[in-house]
Amino acid sequence: MLSWTRQHWRPLLALALLIGLPLSVLGKIAEDVHEKEAFAWESPLMLSLRANAPGRFAAVARAFSTIGSAHVMLPFCALLAAWLWFRSHSVARYFLVSVGGAVLLNLLLKLFFGRARPQVVPWLWQEGDTSFPSGHSSMAAALAVTVTALLWRTPYRWLSGVLGATYVIVMGVSRVYLGVHYPTDVLGGWALGVAWAGGVAMLLWQRLREAQESGRR
């Protein structure tokens, strides 16, 4: 009975946490953004974060934004995908669909919503495109979920999860601190990245496990 319970409830829990909850968050925020509803709590939060963050956080925020930019992430992901390709074509394809799909969806949603970037605090980073959802945040979330899924059957899965979560959180907070994103942009980006990468992982989980175990291409 215990094994049956685990076998059936673990996928349901993963479905709820990785897909159901993020999609609910993304849908609610997206609806309000589309209807141009105001989020009264965002400006006070942005002002408070800028006023109360440690002085050195500006350098940290800029560093994370640089790391998360397309100029760094695209070559990094291309190299990682190439390395995975030589190990397993199936694993490399999974990585590209999981991370690349999140990036593509983010671009499409930015074009659809066309939300202007905030003008609450002076920008400490230059951006030119639209604001919702945050590309840095969605990319970070998708990458963290994807890498953790790849390492799930290894002793490094919990380390990957903790480091990935830390990276995702600091990336999102950095974007708000720099003034170039509303908090809801970041929440939407996180939700998008987790939902897409989580959905891809669940859909391809069995095939991914077989490829990792057999080493077949």
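What comes next concerns the included structure.

Basis of the calculations
Residues numbered from 1 in each chain as written. Predicted model: local features only at pLDDT ≥ 70, side-chain atom pairs only at ≥ 80, totals over all residues. Heavy atoms only, no water. Salt bridge = Lys/Arg side-chain N within 4 Å of Asp/Glu carboxyl O. Helix = DSSP H or I, 4+ residues; strand = E, 2+ residues; numbered from the N terminus. Buried < 20%, exposed > 50% of the residue type's maximum accessible area, 1.4 Å probe, protein only. Axes fitted to C-alpha atoms, helices over the stretch in contact; angles between N-to-C directions. Parallel < 35°, antiparallel > 145°, perpendicular 65-115°, else oblique. Left-handed = near helix turned anticlockwise from the far one by under 90°. Contact = heavy atoms within 4.5 Å.

Below, the discussion takes up the pattern of salt bridges. Within the structure shown, the criterion is met by five salt bridges. The shortest N-O distance in the salt bridge between Arg115 and Glu42 comes to 3.3 Å. Taken as a pair, Arg115 in the loop between α5 (89-113) and α6 (135-150) and Glu42 in helix α2 (residues 42-52) lie far apart in primary sequence, 73 residues in all. Arg115 sits in the buried class, given a relative accessible area of 13%. A salt bridge links Arg175 to Glu127; the nearest nitrogen and oxygen atoms lie 2.5 Å apart. Of this pair, Arg175 sits in helix α7 (residues 157-177) while Glu127 is found in the loop between α5 and α6, placing the two residues 48 residues apart along the sequence. Taking the relative accessible area as the measure of exposure, Arg175 reaches 0% and is therefore buried. A single network of salt bridges, built from pairs that share partners, joins Glu42, Arg115 and Asp185.

Turning next to the packing of helix α3 (residues 57-67) against α7. Between α3 and α7, whose axes approach to 9 Å, the crossing angle comes to 110°. With respect to each other, α3 and α7 are oriented roughly perpendicular. Helix-helix and strand crossings are classified by hand; for α3 and α7 the assignment is left-handed. For the pair formed by α3 and α7, the contact residues are Phe57, Ala58, Val60, Ala61, Phe64, Ser65 and Ile67 on the first element and Tyr167, Val170, Met171, Val173, Ser174, Arg175 and Tyr177 on the second.

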